[in-house]
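Notes for the structure review
What follows is each chain in one-letter form.
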Amino acid sequence: MRAPSPTDIAAGEVILAVENVSLAFGGVKALTDVSFDIKKGEVRAIIGPNGAGKTSMLNCINGFYHPTEGRITFRGKTRPKMRPYEAAAGGIARTFQNVALFKGMSTLDNIMAGRTLKMNKGFFWQVLRHGPAMAEEIEHRHFVEEIIDFLEIQHIRKVPVGKLPYGLQKRVELGRALAMQPEVLLLDEPMAGMNLEEKEDMCRFILDVSNQYGTTIALIEHDMGVVMDLSDRVVVLEYGRKIADGTPDEVKRDQAVIDAYLGVPH
Amino acid sequence: MPAVDTHAEPRGASAAQDTFPKFLALNATRFADRPAMRHKDLGIWRTWTWREVADEVRAFALGLGELGLQRGDRVAIVGRNRPKLYWSMAAIQAWGGIPVPVYSDSVADEMAYVLEHAGASMAVVEDQEQVDKILSVSDRLPHLAHLIYDEPRGLRDYDHSRLHAFEAVQAKGRKAGEDAAKAAALEAAIAVGKGADLAIILYTSGTTGRPKGVMLSNDNVIISARNGGLFDHLRETEETIAYLPLAWVGDNIFSYAQSYVLGFCVNCPESAETIVEDRREIGMSYAFAPPRVYENLLTQTMVRMEDAGPLKKRMFHHFLGVARQWGEKILNKEPVPLSARLQYALGEVLVYGPLKNRFGFTNIRVGYTAGEAIGPEIFRFFRSLGINLKQLYGQTEASVYITAQPDGEIYADTVGKPNIDVEVKIADNGEVLYRSPGVFVGYYKDPEKTAETKTPDGWVRSGDAGFFDPKTGHLKIIDRAKDVGKLRSGALFAPKYLENKLKFYPNIKEAVAFGQDRDFVTCFLNIDLTAVGSWAERNNVSYGSYQELAGHREVLKMITAHVDEVNRSLAGEPMMAGSQIRRFLVLHKELDADDGELTRTQKVRRGFIADRYLPLVEALFDGSPRGRIRTEVTFEDGRKGVIEGDVEIIDMPVHEATGTAFREAAE
């Protein structure tokens, strides 16, 4: 697979910064004054008990929600209101907690859908499927085939996604996100509901994506073993507030985190 | 023995071609632009002609020379069927090195044993998984100087001082090739190679003890491959698909040796999971598979037909009936009434043709099954569709070929007649002995075992008990000679014979029979999760695991009916009536090669299983209604866990012996 589109940001520098972000739905505060950053090339985990605001955070990052207060800076640019497609075009791809694929379409078509933003030929050319449109399609198909090879899903290339077991659907979803050649990949519970073997495969794919293409990854995950093994830095949320931020070891020893997970005697 | 058709002699080959690199050079001229190999990669079949293969192999060979490969060096090859791994065999052989293919699903310890025993100086492996495995045991492998990998993924950050990408070695080789002296050195090394040199060392999985390294010479492999080709009139136009383990002698003969000797094309599938689809796309003409592949095809077909609409189902079953009645006769060119021919032709259009297309058998000319006995039902099913499926009996020590069924002489229960140039005789104790040009040189570093197996005048003890069927002149194999035993009553006990009868039921995946020196016969069974799972789905039986399904009342009832049928059939065979199964149980876990219960080629290791499940074996014989056991299992990631089981033991009624014994009683 080819490297994602070139960028002026070097590995280890901040690619995405979240500053004092708050999000409220009417009277319900989902996020309160959360700040953290994501550095290029790292695997950043967001953890926290149920309802801590993890998914809301991801939704803010990719423009699905707009924070009521605070700023999100991506590649040096701060936009007050970023739409999801702007985020996608800007290089942020994501997968969802509940698989959100086109169930009736094949694995191949689903991943091809991830290339849509990269296609230059207009609708008419694509309908004709000839000449330059065909050349472009072949190029994209080649890229998609590389992803299929990478994720080892050749055997389900032409199977409608709705027929696949959950673990494989998750893999297809990752494939669709990768098809965008994202700079930042947001994974919302990539391993939820998987058995051990599927989890191990998924871990390997995430590490491979990170190692091989230098893609920055932010992930939400409940499996602590996975989080501690995979991530370079972890941010911990509880009731919409950030309670800890640091390396997996630091976070593991943090009293506030232990209390959040195990409860405090009252 | 069929007359040798001299016209079928491989085109342009002569006695001068006595090694694989020489055959490769010949093929690059005689079949220059014919396809030699295909590999499906990124969804597309990529083809290499013989000339291109020769070029790739040469580049890699020169690269190996740069890395210091010497005549006689052993080089391990670990991975699935990929073109580069096949090319590396020829490249190693070019220098007079000896490839040692290793089962790619072996755990690190097993792999370490083989590499250590072979004293491998290099290893060519498929991917990161295999690199990791070998690196994890590298302290046991002091001789291993270089590790070459095919698939670079995940290996970028590894220490590359001893680790090389396949392409990097080839690039090194191409550069070296510009140096006339180096190119000449390779040519000279190829010219020096001769038929008596070792071609390959294959470690047999062995149902007992550690694997043994079977040394085969170029002559062994090349003459056997050629004779096998003559036997079936194979040509350079054949297409095969390579999907069986590289370390298995069958793959080495069918996907490598015969391809080089005869010049046909070998197709490498995209991945292990896509084989069914890849087979269909290629439409192979020459196929080889252990019985379980055919079993799976049949099971899957039947399972899927259960879900088909009523019209399709009726059509399918009607024409299968027609095929059952006439198909084999038509295939054997026996006289058949015109009406049957017409019906069969209609069936070909509506059912058999599409079905064969699904299986990838549309163009099949010769299909072999070997390794284990195949169920007569399964065998007849494929033959009745017009697929020329035949049986073959072979061993690693014989470079495969011992006996095979000639066209038109096909029986479900024999393994055929001796192949060209093979002599077969039966020892006094019933053991099959053979002598042929394919007979192995010896076991690597084990003259004692060699002497035990091979007599000075070249006869090899096969370890199998068998006899020649007086009616057909074909060889019949009963069992492993050492496994054939006696019950306390003195009646013959042939466990594999019983197990095969049981395994012919799609619901039963594995069976292990016990009875040596006991009063009666008992057995362990494994249910087949595909077949029984599909049954469960249709009948709304919910289950959470193999263990739960295996213990289900209705499943046990079904299995009991199968065992009863087997007993009835045994009662009809005078020699076997005494070994009817009195008690059996369905095991709480599937037998698995990772736990050492099966060999890597999926044969049961009876002795090991008897020890491991001793409490259950005791329970079978002491009359208790249930058995309880704790077993340690190895998960796919290598961690260990414990499965506890409480299994029910089922008593079976004994059928009165019918058959000859019965008739005698009546007289």
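Values in this document were obtained by computation on a predicted structure and should not be read as measured data.

**Section: the overall build of chain B**
Scanning chain B for helices and strands turns up 22 helices and 28 strands. Taken over C-alpha atoms, the radius of gyration comes to 26 Å for chain B, in line with the 26 Å a tight globule of 667 residues would show. Projected onto the principal axes, the alpha-carbon positions of chain B cover approximately 85 × 65 × 55 Å. Of the contacts made within chain B by residues no fewer than 6 positions apart, 66% connect residues no fewer than 24 positions apart.

**Here's the deal with the overall build of chain A**
Per the secondary structure count, chain A includes 10 helices and 10 strands. Here the C-alpha atoms of chain A give a radius of gyration of 19 Å, agreeing with the 18 Å that 2.2 N^0.38 yields for 266 residues. Counting only C-alpha atoms, chain A reaches 70 × 40 × 35 Å along its principal axes. For chain A, with 266 residues in total, the buried portion stands at 39%. When contacts within chain A are restricted to residue pairs at least 6 apart in sequence, long-range pairs at least 24 apart make up 71% of them.

**Quick notes on the confidence of the model for chain A**
Atom-level detail of predicted coordinates should not be read off regions where pLDDT is low. The pLDDT averaged across chain A works out to 87; a share of 96% of its residues lies at or above 70. Across chain A, element-level confidence peaks in helix H3 (residues 107-113) of chain A with a mean pLDDT of 94 and bottoms out in helix H4 (residues 123-128) of chain A with 75.

**With respect to the sheet that holds strand E19 (residues 442-443) of chain B**
Residue and element names in this part refer to chain B. Pairing in this open sheet of three strands is antiparallel, and the strands run E8-E9-E19 from one edge to the other. Either end of the sheet is taken by a strand with one partner, and the two such strands are strand E8 (198-204) and E19. Of the pairings in the sheet, the one linking E8 to strand E9 (residues 212-217) comprises six bridges and is antiparallel in character. Within E9, the position partnered with Leu198 by the bridge is Ser217.

**Focus on the interface of chain A and chain B**
Listed by partner, the interface residues are 13 residues for chain A and 12 residues for chain B. Mapped onto the side of chain A that touches chain B, the elements with two or more residues apiece are helix H5 (131-150) and helix H7 (196-213) of chain A. For the side of chain A that touches chain B, the element with the highest residue contribution is H7(A), accounting for five residues. Class assignment of the residues belonging to the side of chain A that touches chain B gives a composition of no nonpolar, five polar and eight charged.

**Remarks on unusual backbone geometry**
Residues and elements named next belong to chain A. For Glu152, which is not glycine, the phi dihedral falls at a positive 55 degrees. By the element assignment, Glu152 lies in the loop between H5 and helix H6 (166-179). Look at Gln181: it is not a glycine, yet its phi comes out positive at around 50 degrees.

**Points about helix H9 (residues 249-262) of chain B**
An α-helix turns once per 3.6 residues; consequently, residues spaced three or four apart project the same way. Residue and element names in this part refer to chain B. For H9, the principal kink sits at Tyr256 and spans about 25 degrees. Of all the 14 residues making up H9, 14 are buried; the element is thus mostly covered by neighbouring parts of the structure. Phi for Gly263, located one or two positions after H9, is positive at around 85 degrees.

**Quick notes on the pairing of strand E20 (residues 460-468) of chain B**
Residue and element names in this part refer to chain B. With three bridges joining them, strand E18 (residues 431-435) and E20 adopt antiparallel strand pairing. Bridge assignment links Tyr434 to a residue of E20, and that residue is Val460. Across five bridges, E20 lies against strand E21 (residues 475-480) in antiparallel orientation. Pairing of Gly466 across the sheet is with Ile477, part of E21. Between the end of E20 and the start of E21, which pair antiparallel, lie six residues, with Gly473 showing a positive phi angle near 75 degrees.

**Remarks on the packing of H5(A) against H6(A)**
All names here are of chain A. At a closest axis distance of 10 Å, the pairing of H5 and H6 adopts a crossing angle of 140 degrees. Relative to H6, H5 is oriented oblique. Taken as a pair, H5 and H6 cross one another with a handedness that is right-handed. Contact residues: Phe143, Val144, Ile147 and Ile148 in H5; Gly175, Leu178 and Ala179 in H6. Class assignment for the residues of the contact of H5 with H6 results in six nonpolar, one polar and no charged.

**Re the nonpolar core**
One finds Ala76(B), Ile77(B), Val102(B), Ala123(B) and Ile201(B) to be the most contacted residues of the largest nonpolar core, which totals 139 residues. It is helix H2 (residues 50-66) of chain B that provides the largest number of residues to this core, a total of nine residues. Two domains each donate at least three residues to this core, and these are domain 1 (19-216) and domain 2 (289-479) of chain B. If near-sequence neighbours (up to four positions away) are discounted, Ile201(B) is found in contact with Arg74(B), Ile98(B), Val100(B), Ala118(B), Gly213(B), Val214(B), Met215(B) and Tyr444(B). Membership of the second largest hydrophobic core comes to 67 residues, among which are Phe36(A), Ile46(A), Leu185(A) and Val234(A).

**Observations concerning the pairing of strand E25 (residues 521-527) of chain B**
Residues and elements named next belong to chain B. Extensive coverage of E25 is indicated by the burial of seven of its seven residues. Summarising the sheet, strand E24 (residues 508-514) and E25 pair through six bridges and their orientation is antiparallel. Bridging from a neighbouring strand, Ala513 pairs with Cys523 of E25. The loop that links E24 with its antiparallel partner E25 comprises six residues; one of these, Asp517, has a positive phi angle of about 60 degrees. With five bridges joining them, E25 and strand E26 (residues 581-586) adopt parallel strand pairing. Residue pairing in the sheet places Thr522 in a bridge with Arg583 of E26.

**Structural notes on the sheet that holds E25(B)**
For sheets, the rule is that strands pair by backbone hydrogen bonds, running either parallel or antiparallel. Residue and element names in this part refer to chain B. Across the sheet, which stays open at both edges, the five strands sit in the order E24-E25-E26-E28-E27 with mixed pairing between neighbours. Each edge of the open sheet is held by one strand with a lone partner, namely E24 and strand E27 (626-634). On average, adjacent strands in this sheet sit at an angle of 30 degrees to one another, irrespective of strand direction. On the sheet, helix H16 (residues 495-503) packs against E24, E25 and E26 and is oriented at approximately 155 degrees with respect to E24. With respect to the sheet, helix H19 (residues 553-571) is in contact with E24, E25, E26 and strand E28 (640-651), its orientation differing from that of E26 by roughly 150 degrees.

**Structural notes on the packing of H2(B) against helix H3 (residues 83-94) of chain B**
Packed helices, taken two at a time, are described by the angle between their axes plus the distance between the axes. Residue and element names in this part refer to chain B. Running from N to C, H2 and H3 cross one another at 55 degrees; their axes reach a closest spacing of 8 Å. Overall, the two elements H2 and H3 adopt an arrangement that is oblique. Viewed along their axes, H2 and H3 form a crossing whose handedness is right-handed. The segment H2 lies against H3, with Val53, Glu56, Val57, Phe60, Ala61 and Leu64 engaging Trp87, Ser88, Ala90, Ala91, Ile92 and Ala94. Looking at the contact of H2 with H3 residue by residue, the class counts come to 10 nonpolar, one polar and one charged.

The rules behind each value
Counting of residues starts from 1 at the beginning of each chain's written sequence and follows it residue by residue. Labels follow written order: the first chain is A, the first ligand is 1, and so on. It should be noted that, the model being predicted, local features are given only for residues of pLDDT at least 70 and side-chain atom pairs only at 80 or more, the latter also being counted only at that level, while totals for whole chains, interfaces and linings use all residues. Here a strand is any run of E in DSSP of at least two residues, a helix any run of H or I of at least four, and the numbering for each starts at the N terminus. Two things to know: the radius of gyration comes from C-alpha atoms, and the globule rule equals 2.2 Å times the number of residues to the power 0.38. Contact criterion: two residues are in contact if their C-beta atoms, reconstructed from the backbone, are within 7 Å. Exposure criterion: with C-beta atoms placed from backbone coordinates, a residue whose C-beta has 20 or more other C-beta atoms within 10 Å is buried, one with 12 or fewer is exposed, and one in between is partly exposed. Known as pLDDT, the predictor's confidence for each residue is given on a scale from 0 to 100. For two strands to be treated as a pair, DSSP must find no fewer than two bridges joining them. Polar here means any residue other than Ala, Val, Leu, Ile, Met, Phe, Trp, Tyr, Cys and Pro, which are nonpolar, and Asp, Glu, Lys and Arg, which are charged; Gly is therefore polar. One axis fitted to the seven residues ending at a residue, another fitted to the seven starting there: the angle between these axes is the bend at that residue. Orientation is described by axes fitted as lines to C-alpha atoms, over the contacting stretch for helices, and by angles from 0 to 180 degrees between their N-to-C directions. Relative orientations are named as follows: roughly parallel for angles under 35 degrees, roughly antiparallel for angles over 145 degrees, roughly perpendicular for angles from 65 to 115 degrees, and oblique for any other angle. Put simply, a crossing is left-handed when the front helix is turned counterclockwise from the back one by less than a right angle, and right-handed when it is turned clockwise. In this description, a nonpolar core means buried residues of the types Ala, Val, Leu, Ile, Met, Phe, Trp, Tyr and Cys, linked to one another by C-beta atoms lying within 7 Å. As used throughout, domain bounds are those supplied by an automatic or database domain assignment.

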